[in-house]
Amino acid sequence: MKSRQIHQLLELAHRYSAEYVDALDERSVFPDEKVLEKLAIFDESMPARGSDPVDVLGLLHRYGSPATVAQTGGRYFGFVNGGIHPPSLAAKWLSDTWDQNSALYVMSPISSKLEEICEKWLVDLFHLPEGTAAGFVSGTSMSLLCGIAAGRNELLRRLDWDAAARGLFGAPEINVVIGAQAHSAVRKALSLLGLGEERVRVIPCDDQGRMLVDKMSDLDPRTLLILVAGNVNTGSFDRFQKICQKARSANCWVHIDGAFGLWAAASPDTYPLYEGAELADSWSVDAHKTLNAPYDCGVILCKDRTALVSALQATGSYIQWSGNRDGMLYTPEMSRRARSIELWMLLKTMGKSGVAALISQLCSRARLFEERLKEEGFNIVNEVVFNQVLVACDNAPETEATLERIQKSGECWCGGALWLGEPVIRISVCSWATTEEDVERSVRTFVHARANVRSADAR
Ligand SMILES: *Cc1c(COP(=O)(O)O)cnc(C)c1O
């Protein structure tokens, strides 16, 4: 391919992206049926011959762009997905052109340098001890795996057992303690790491999903304790100050799942939720959720650098280590895209004040939802402490039917969940792009959906 042809393709991609951005506010948040039916155009057997890339990119834009979920717009509130910060998107475009492999310094000095810088800045934003290590992974699921592996191996090492060499069969037992509302990714990591999903000790939680501190007896140096900053439904935070102090005097390993909530550290408004979390040993956080970095961008932070690196060790005569940062020391993967580049761009363009403002904005939009929906007679099920709002109608069937209509409306999109056994509509305010007008428009959608459910029931 000649560089002229490469330019043409990249310019086309640029044009299609611009069209996508311009259409965002008008289009249906979730693609409608007609658009989804057209996805059948992609059904074909593996083509025997290739096609003109200009045509294929056109096909992708024509049928693919409308079949996306408009999560980068202002009215997507599903899961905790996060929007996209435009400057970091631009940096990702450029770095995608570079196509760097961030495994080793010799594969990408720029990636190595920006990992080093991001590590330092994140340690600062989260008020962590100097020397805390960061690894750049795909998301919190992977980050949990790293943090729990580091904790498991370090607890065993203190009991004179080298888990990396000897495995877990015959090893001294360690106790894993989690809250009843731990995220499924925590349970998945435990099962993958041979710690068993069912042999863990589960501490009951209060009605916001916070671990009940007084039910948390006998922590000891064989305990791996996993806490949550930001319950995936309610957005609640475990009481770190109390628990982490207790854990510290018992000498156990504390890991915090802070996929979206760890960012509470970065705004003075929400810092009190985070306070005490600095005392843990390792932390998981996503930049692709609250911070609005492009997918996929998760981080493992670990106070004990040696524990993290030795849990993720790899060797091979062809691996060329350097005196600089070699990214793969801190991650399970070897080859890896250079996600630190767009993270650096985001942090550099926002600064501490910009990050704090983003967190505060998400929280204040969530509170606006709470206030407006209450005025409209909806029940708010959780204490809105961060960016999550759980909403219920007068009874469970009405809540479920209202949610279904909201999802079909195209006006906004929310997911659902069961909270304390009852269906709820989950609102996660997770994009910089959500304005107060977006909240108002979405509240109107809620009201309309419920009215339609009621009139359908009356018939
Ligand atoms: C999203 C989330 C996870 C999983 O993170 P991924 O980045 O999707 O792998 C884990 N824990 C909590 C609390 C989450 O919100």
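For the structure itself, look to the data block above.
One structure accompanies this document, and this report is about it. (Residues numbered from 1 in each chain as written. Predicted model: local features only at pLDDT ≥ 70, side-chain atom pairs only at ≥ 80, totals over all residues. Heavy atoms only, no water.)

**Things to note about the state of the cysteines**
Scanning all chains against the criterion turns up zero disulfides. Of all cysteine sulfurs in the structure, the one in C430 sits closest to C363, which takes part in no disulfide; the separation is 10 Å. Under the relative-accessibility criterion, C430 is labelled buried at 3%. (Disulfide = S-S within 2.5 Å. Buried < 20%, exposed > 50% of the residue type's maximum accessible area, 1.4 Å probe, protein only.)

**Some points on helix α5 (residues 109-125)**
For α5, which comprises 17 residues, the first-to-last C-alpha distance of 24 Å matches the rise-based estimate of 24 Å (1.5 Å per residue) to within 8%. Next to the buried residues of α5 lie β1 (133-137), β7 (298-302), α11 (305-311) and α12 (340-375). Among the residues trailing α5, H127 stands out with phi positive, at a value near 55°. (Helix = DSSP H or I, 4+ residues; strand = E, 2+ residues; numbered from the N terminus. Expected span 1.5 Å × (residues − 1). Contact = heavy atoms within 4.5 Å.)

**A short note on the pattern of salt bridges**
A side chain with one charge can pair with a side chain of the opposite charge if their charged atoms come near. Taken as a whole and judged by the stated rule, the model has 31 salt bridges. Note that R15 is salt-bridged to E19, the shortest N-O span being 3.8 Å. Of this pair, R15 and E19 are both found in helix α1 (residues 3-23), four residues apart, which corresponds to roughly one turn of the helix. The partner of D124 in a salt bridge is K352, and the shortest N-O contact between them spans 3.1 Å. Of this pair, D124 sits in helix α5 while K352 is found in helix α12, placing the two residues 228 residues apart along the sequence. When salt bridges that share partners are traced, they join E115, E119, R305, R325 and R336 into one network. (Salt bridge = Lys/Arg side-chain N within 4 Å of Asp/Glu carboxyl O.)

**Structural notes on the sheet that holds strand β3 (residues 201-203)**
The seven strands lie next to each other as β1-β7-β6-β5-β4-β2-β3, forming an open sheet whose pairing is mixed. Lying at the two open borders of the sheet, with one neighbouring strand each, are β1 and β3. Neighbouring strand axes in the sheet, compared pairwise and without regard to direction, differ in orientation by 20° on average. Strand direction decides the pairing type here: strand β6 (residues 282-286) and β7, joined by five bridges, are antiparallel. Note that in β7 the partner of S284 across the bridge is I300. (Pairing = 2+ DSSP bridges. Axes fitted to C-alpha atoms, helices over the stretch in contact; angles between N-to-C directions.)

**Structural notes on the site of the ligand**
T140, S141, D257, D286 and K289 are the nearest of the 13 residues found near the ligand. The backbone of T140 places a nitrogen or oxygen atom 2.9 Å from an oxygen atom of the ligand. Within the side chain of D257, one N or O atom sits 2.7 Å away from a nitrogen atom of the ligand. Contact with the protein chains hides 84% of the accessible area of the ligand, taken as 380 Å² for the molecule alone. Grouping the constituent residues of the shell around the ligand by class yields four nonpolar, six polar and three charged. (Near = heavy atom within 4 Å. Polar contact = N/O pair within 3.5 Å; in protein donor to acceptor, adjacent residues only side chain to side chain. Areas by Shrake-Rupley, 256 points an atom, 1.4 Å probe, with all protein chains shown as cover. Nonpolar A, V, L, I, M, F, W, Y, C, P; charged D, E, K, R; others polar.)

**Here we look at unusual backbone geometry**
Across the junction of Y295 and D296, the peptide omega takes the value -15°, indicating a cis bond. Examined against the element boundaries, D296 turns out to sit in the loop between β6 and β7. Positive phi values are uncommon outside glycine, yet F79 reaches one of about 45°. Turning to its location among the elements, F79 is positioned in the loop between α3 (53-64) and α4 (86-98). Residue F79 is classed as partly exposed on the basis of its relative accessible area of 47%.

**Digging into the pairing of β6**
Among the five residues that make up β6, five are buried, leaving the element largely enclosed by the rest of the structure. In β6, alternate side chains face the same way, and those of S282, S284 and D286 on one face and W283 and V285 on the other are all buried. Relative to β6, strand β5 (residues 253-257) runs parallel, the two sharing three bridges. Counterpart to H255 in the pairing with β6 is S282.

**What about the packing of α5 against α12?**
Packing of α5 against α12 brings their axes to within 9 Å, and their N-to-C directions diverge by 45°. Considering the angle they form, α5 stands oblique to α12. Crossing geometry of α5 relative to α12 is assigned as left-handed. From α5, S111, L114, E115, I117, C118, W121, L122, D124 and L125 reach across to α12, where they touch S340, I341, L343, W344, L347, K348 and K352. Partitioned by chemical class, the residues of the contact of α5 with α12 number ten nonpolar, two polar and four charged. (Parallel < 35°, antiparallel > 145°, perpendicular 65-115°, else oblique. Left-handed = near helix turned anticlockwise from the far one by under 90°.)

**Observations concerning the sheet that holds strand β9 (residues 388-392)**
Taken in spatial order, the four strands make up an open sheet running β8-β9-β11-β10, and their pairing is antiparallel. Lying at the two open borders of the sheet, with one neighbouring strand each, are β8 (379-380) and β10 (415-419). Pairing of β10 with strand β11 (residues 422-428), which is carried by five bridges, proceeds in the antiparallel orientation. Along β11, the bridge assignment pairs A417 with V424.

**Focus: a nonpolar patch on the surface**
A surface patch of nonpolar side chains, about 450 Å² in accessible area, is lined by L39, I41, F42, V56, L59 and L60. Exposure remark for L59: the relative accessible area of 32% places this residue in the partly exposed category. (Patch = residues over 30% accessible without salt bridge, like charges linked within 9 Å, V, L, I, M, F, W, Y side chains within 5 Å.)

**Quick look at the packing of α1 against α3**
Contact geometry of α1 with α3 gives a least axis separation of 10 Å together with a crossing angle of 15°. In terms of axis orientation, α1 runs roughly parallel to α3. Handedness of the α1/α3 crossing: right-handed. Residues Q8, L9, L12, A13, Y16 and E19 of α1 touch α3, and the partners they reach there are P53, V54, L57, G58 and H61. Classifying every residue of the contact of α1 with α3 gives seven nonpolar, three polar and one charged.

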